[in-house]
Amino acid sequence: GNSVTQMEGPVTLSEEAFLTINCTYTATGYPSLFWYVQYPGEGLQLLLKATKADDKGSNKGFEATYRKETTSFHLEKGSVQVSDSAVYFCALSIKAAGNKLTFGGGTRVLVKP
Amino acid sequence: ETGVTQSPTHLIKTRGQQVTLRCSSQSGHNTVSWYQQALGQGPQFIFQYYREEENGRGNFPPRFSGLQFPNYSSELNVNALELDDSALYLCASSLQGAPNEKLFFGSGTQLSVL
């Protein structure tokens, strides 16, 4: 079956620090990969995506590269802000399974001023 | 603001009761998916509705059921509530056939089962 594993949190950082959240996946087929963000009291928002190997998704200073050889999609940001404090979810979908998303367990990030 | 609204925002029930959660999809969207997010975990797919019929289901028992109405709004019904049903229930709307980037989530209903 399909599964996503991401590093457990919480991750606590100081403002302007470098952030990395590891994500690896197992999939039957060729998945599309996503990072979603959940701010307190809100629903999930798509942060970035990649649909094929070596694609790099980017948005709001965050980046992640689809690495088929290591089945990974690690999220990075060079300089975090307090406003980046949230829970981040790595997810995948298989085209044959429609829009069904398989999520990782989430990583809580806390950025301190 | 995604345009997907869920009600109620919070709900408390006791074990064995039944509950109905509601979702209004974003304008123009014809597909609704429901996810269960237990505390500290990622969301898990419950089922999807398209054209008022179930169009895919995750690993949830039959006491989880749903409806979609002609205006594409949706309900999630859970019978015989169990303590482990306590979770945030998320609704997501989309346009059938659109890529996943067009999936929009509501803010969820927080269900507590006592």
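Residues numbered from 1 in each chain as written. Chains lettered and ligands numbered in written order. Predicted model: local features only at pLDDT ≥ 70, side-chain atom pairs only at ≥ 80, totals over all residues. Heavy atoms only, no water.

> Go over unusual backbone geometry, please, and point to the residues and values.
Cis peptide bonds are those with omega within 30 degrees of zero, and the linkage from G9 of chain A to P10 of chain A qualifies with 0°. Topologically, P10 of chain A is positioned in the loop between strand 1 (3-6) and strand 2 (11-14). For the bond from S7 of chain B to P8 of chain B, the omega torsion is -10°, close enough to zero to count as cis. Counting through the fold element by element, P8 of chain B comes out in the loop between strand 1 (5-7) and strand 2 (10-13). Here R51 of chain B, not a glycine, exhibits a phi torsion of approximately 50°, which is positive. Relative to the helices and strands, R51 of chain B is located in the loop between strand 5 (44-50) and strand 6 (53-57). (Helix = DSSP H or I, 4+ residues; strand = E, 2+ residues; numbered from the N terminus.)

> Break down the sheet that holds strand 8 (residues 74-78) of chain B for me, citing the residues and quoting the values.
Residues and elements named next belong to chain B. If you walk across this open sheet you meet the four strands as 1-3-8-7, and the pairing is antiparallel. Both outer strands of the open sheet, strand 1 and strand 7 (64-68), are each paired with one neighbouring strand and no more. Taken over all neighbouring pairs, the strand axes of this sheet differ in orientation by 20° on average, direction set aside. (Pairing = 2+ DSSP bridges. Axes fitted to C-alpha atoms, helices over the stretch in contact; angles between N-to-C directions.)

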